[in-house]
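Here is what each chain is made of, one letter per residue.
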Amino acid sequence: MSAQLDEEFRDFMHGRWPAMVRLAYALTGDQGHAEDVAQAAFARAYASWPKVKRTENPEAYVRRIVINENRNRFRRQRVAERLTEAPPESGCADTTRQYDERSALIAALQRLGPRQRAVVVLRYWLGLTEAEAAAELNCSVGTVKSQASRALATLRQSAELVDGGFQ
Amino acid sequence: MSIDDQHDLYERLDRAVGSITPPAAPVDRAMRRGRGIRLRRRSAVAAGVAAVVAAGVIAVPALRHDASENPAAPRYTATVQPPGPHSPPGLIASGMVNGQRWQMTVSKPGAGGAGPGQQFALASGPAFGPDGLSSSSPPLAPDSTDPVSFNATSSGPSQAQFGAVRADVSYIRVRLGNGILLTLHPVKVWGVREVAFAVPVGAAITEATAYSRHGVIATAIPFNYPGGIATFNAWLRPGQHGLSRAMGLIGTGRVSGQAWSVTAYLGPWGICLEGGAPGTNAGGCVPTTSSLGTSLLFRSAGTPGVAGGTASASVARVVAYPSGGAPVQVRPVTVGPQKFFSFPLPDGSKAVRWKAYDSSGNVVASGTSRLPGS
């Protein structure tokens, strides 16, 4: 790959890395996994960079890879990771409200399936339209609507969020 | 869902994901992984990738494995075999190390995203750990003087030696420290005759002998970096003798709060220097059979860095002027028949000028070394 293409990729990754790690964090609920997923996504983007950069929206391309990487990770670890009602370990007490809120929301998101989680993040955090979310998830608008509806219903039932005011 | 719900969810999500602080973007690592993905797609070779060590005649950027990686067990097995009729394109050789499969592949020069004048080399298979190893470098090409131009690379518990073979070489026999004898048959890969083999990291490679149809062409006794990889340098024709073996510490001290040292190794391989701060060892070798004049041999890119070189008999002192640091004056140290010098480089020193003086204060040699990109 030419030095110019490499430089373009470097600029792109430096610029979009924080956003992709945060997206991956919303999807995985773990910063370490998030960094792994984001890095793997950028590696895949680099492997096809000449093609990726020609797309209308390279960021959306990488976002799709992040979502797929997370889905693949979920598939691989379905047996290894079991969702429980409460976190298996309590950890150190953290008294900040921000931490509590973050924990509650992330825990609630982790109770959703990977596709529902992706729909919530794309629709209600990134603000994508139903059509845009459908394109990124490679599914129909109807699927996005139904997944969003089910996801929100689940979130409304989450004790953590109800206690925090989301209902 | 109401607008309020959506707004509330957005705000909560934004606070939750905004509260984490991503580290610096690992661009180089992502690019290395990306190159590996590209190469695997094209060569259908299964394995991941990581970083590379391209050990040539001069520069050996990473000589030792981390302490956490296993040194070679005293008892080990190693096999090698040439590609078969259904092997993937670009395969030089494959085999087993301690029962674990390995293969060495090179991409077509200029293809697979390697760029003009570049070629990917990929060491893959369980013997090279989960990631394997990929590097981009100028395409392998035979040397007019050396029968085989070996490159070294290592990943996980194994090291690979691979290179281009001169036209008159029929086969190569490699003797390992535990007595195993490997026979390498050159194969044409992308138009170039090449060989490869793999052994555990830290396993001594005793010698490689290249044969023509008429007999021995030359033998190379590689320098085995302690606990690390081997580097082939000087090839000795039948009856030719190299330097006698000798080793000695040529510099030590502290810089930027860290200890550093440089050691010289002389022998039939030529002259090799190795040193640096802990964890950032680097080194370089010169394939010589006699003493050398004054020149900088290697410079580590670690933090802090070190540099070292050979000095002619007349050199009495060497003064280094690192960028961003104070000048350093050192006196040469003699090991065997050769004088050496080494000096530390403070953190952030991208370039260094150096001058060698004789006892009368005359400059007998000088030079400048810059890190790539500086």
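Here we summarise the structure given alongside this text. What you see is a predicted model; the values in this text were computed from it and never measured.

1. A closer look at unusual backbone geometry
Even without being a glycine, A:Asn138 presents a positive backbone phi close to 55°. For A:Asn138, the location among the structural elements is in the loop between α7 (130–137) and α8 (141–157). If you check the backbone angles, B:Asn98 has positive phi at about 50° while not being a glycine. Structurally, the position occupied by B:Asn98 is in the loop between β2 (91–97) and β3 (100–106).

2. Quick look at the state of the cysteines
Covalent bonding between the sulfur atoms of two cysteines defines a disulfide. All names here are of chain B. Applying the stated criterion across every chain yields a total of one disulfide over all chains. Between Cys-272 and Cys-285 runs a disulfide, and the two sulfur atoms are separated by 2.0 Å. The S-S bond linking Cys-272 to Cys-285 shows a torsion near 110°; that makes this disulfide right-handed. Placement of Cys-272 in strand β19 (residues 270–276) and of Cys-285 in strand β20 (residues 282–286) is noted, with a sequence separation of 13 residues between them. Take Cys-272: its relative accessible area is 0%, and that puts it in the buried class.

3. Details of the sheet that holds strand β7 (residues 158–165) of chain B
Residue and element names in this part refer to chain B. Strand order in the open sheet formed by four strands is β6-β7-β11-β10, and the pairing between neighbours is antiparallel. Each end of this open sheet is capped by a strand with a single partner; those strands are β6 (148–155) and β10 (187–189). Averaged over neighbouring strand pairs, the angle between their axes works out to 40° when direction is ignored. As judged from the seven bridges shared by β7 and strand β11 (residues 192–200), these two strands associate in the antiparallel manner. Of the residues in β11, the one forming a bridge with Phe-162 is Ala-196.

4. A look at the environment of B:Pro82
Residue and element names in this part refer to chain B. Tracing the chain through its elements places Pro-82 in the loop between β1 (59–60) and β2. Take Pro-82: its relative accessible area is 42%, and that puts it in the partly exposed class. As a C-alpha pair, Pro-82 and Gln-103 span 21 residues in sequence and 9.9 Å in three-dimensional space. Residues within four places of Pro-82 in sequence aside, it is in contact with Ile-92 and Val-187.

Cut-offs and rules
- Residues numbered from 1 in each chain as written.
- Chains lettered and ligands numbered in written order.
- Predicted model: local features only at pLDDT ≥ 70, side-chain atom pairs only at ≥ 80, totals over all residues.
- Heavy atoms only, no water.
- Helix = DSSP H or I, 4+ residues; strand = E, 2+ residues; numbered from the N terminus.
- Disulfide = S-S within 2.5 Å.
- Buried < 20%, exposed > 50% of the residue type's maximum accessible area, 1.4 Å probe, protein only.
- Pairing = 2+ DSSP bridges.
- Axes fitted to C-alpha atoms, helices over the stretch in contact; angles between N-to-C directions.
- Contact = heavy atoms within 4.5 Å.

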